[in-house]
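Residue-level structure breakdown
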Amino acid sequence: MNDQEQTIVLEAREILGRYLNCNPVLSSWQALLDYCALSVRGEIEAFHVLYLDRKNRIISDECMGLGTVDHVPVYPREIAKRALLLNASALILVHNHPSGDPEPSEADISMTKKVREACDTLGLTLHDHIIVGSGRETSLRGLGVF
């Protein structure tokens, strides 16, 4: 990506972030997917959590970890702890697959289930886990895996 393209991507992220902070996230699935695709696309795995208020507006989009080309460490305890500190009601997990294939691995599915268990225990809602690939995204909720 050249400097001009990087500038455009950063500006697009900022615009989408402002839009999503003013509007309910879940009322526009496409806007959410666009935001996710822009926020985590890259050559290394990045794991973000979108922390949401009761109206499903983003309180915070936080990068909870950076990894390698095929792995990023994720700690359900830290995700839940941060949700409580932010007074979040719900969250959406988002990470990328630098390979371009957004199909979930067994580790992705297992980790999602652990985060969901932590959320259930604390009265938080885990709306989804979105994996960003090259030109498409996969919803683990849509696949019915959690």
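Note: the structure precedes this text.
Summarised in this report is the structure supplied together with it. (Residues numbered from 1 in each chain as written. Predicted model: local features only at pLDDT ≥ 70, side-chain atom pairs only at ≥ 80, totals over all residues. Heavy atoms only, no water.)

Right, let's get into the overall build of the protein. Within the protein, the secondary structure is distributed over five helices and five strands. Traced from its N-terminal end to its C-terminal end, the protein shows the element sequence α-α-β-β-α-β-α-β-β-α. For a compact globule of 146 residues, the expected C-alpha radius of gyration is about 15 Å, and the protein comes in at 14 Å, within 12% of that figure. Taken across its 146 residues, the protein has 44% of its residues classed as buried. A sequence separation of at least 24 residues applies to 64% of the contacts in the protein between residues at least 6 apart. Surface summary for the protein: the accessible area is close to 8000 Å², and the carbon and sulfur share equals 51%. Charge-centre separation for the protein: the mean point of 14 positive side chains lies 10 Å from the mean point of 20 negative side chains. (Helix = DSSP H or I, 4+ residues; strand = E, 2+ residues; numbered from the N terminus. Rg over C-alpha atoms; globule rule 2.2 N^0.38 Å. Buried < 20%, exposed > 50% of the residue type's maximum accessible area, 1.4 Å probe, protein only. Contact = heavy atoms within 4.5 Å. Areas by Shrake-Rupley, 256 points an atom, 1.4 Å probe, with all protein chains shown as cover. Lys, Arg positive; Asp, Glu negative; His and termini not counted. Charge placed at Lys NZ, Arg CZ, Asp CG, Glu CD.)

This next bit is on the nonpolar core. If you look at the biggest cluster of nonpolar residues, it comprises 20 residues, and the most contacted ones within it are Phe47, Tyr51, Ile79, Leu91, Leu93 and Val115. The biggest single contributor to this core is helix α4 (residues 106-122), with four residues. Filtering out sequence-adjacent residues up to four positions away, Ile79 remains in contact with Phe47, Val49, Tyr51, Met64, Val74, Leu91, Leu93 and Val115. If you look at the next biggest cluster of nonpolar residues, it comprises 16 residues, including Ala37, Leu38, Val40 and Ile92. (Core = buried A, V, L, I, M, F, W, Y, C linked by side-chain atoms within 4.5 Å.)

Looking now at the sheet that holds strand β2 (residues 58-66). Strand order in this open sheet of five strands is β2-β1-β3-β4-β5, and the pairing throughout is mixed. Whereas interior strands pair on both sides, the edge strands pair on one side only; in this sheet they are β2 and β5 (137-139). Strand-to-strand twist across the sheet, computed as the mean angle between neighbouring axes with direction ignored, equals 20 degrees. Bridge analysis of strand β1 (residues 46-52) against strand β3 (residues 90-96) gives six bridges, and the strand direction is antiparallel. Paired with Leu52 across the strands is Ala90, a residue of β3. Most of the contacts of helix α2 (residues 29-40) go to strand β4 (residues 125-132), to which it runs at about 55 degrees, and overall it touches β1, β2, β3, β4 and β5. Its contacts with the sheet place helix α3 (residues 76-85) against β1, β2 and β3, and it is angled at close to 30 degrees to β1. (Pairing = 2+ DSSP bridges. Axes fitted to C-alpha atoms, helices over the stretch in contact; angles between N-to-C directions.)

A separate point is the pairing of β4. Along β4, six of the eight residues are buried, which leaves the element largely enclosed by surrounding structure. In this sheet, β4 lies alongside β3 in parallel orientation, the contact comprising seven bridges. Within β4, the position partnered with Val94 by the bridge is Ile130. You can see the chain leave β3, run along α4 and come back into β4, and the turn it takes is right-handed. Two strands pair when backbone bridges link them, and β4 and β5 are joined in this way by three bridges, in the antiparallel orientation. Directly across from Val132, in β5, lies its bridge partner Glu137. (Right-handed = clockwise from strand over helix to strand, strands pointing away.)

Moving on, we come to the packing of α3 against α4. Where α3 meets α4, the closest approach of the two axes is 9 Å, and the angle between their N-to-C directions is 35 degrees. α3 and α4 meet at a crossing whose hand is right-handed. Residue-level inspection shows Pro76, Ile79, Ala80 and Leu84 of α3 in contact with α4, the latter providing Lys114, Val115, Ala118 and Leu122. Looking at the contact of α3 with α4, its residues break down into seven nonpolar, no polar and one charged. (Left-handed = near helix turned anticlockwise from the far one by under 90°. Nonpolar A, V, L, I, M, F, W, Y, C, P; charged D, E, K, R; others polar.)

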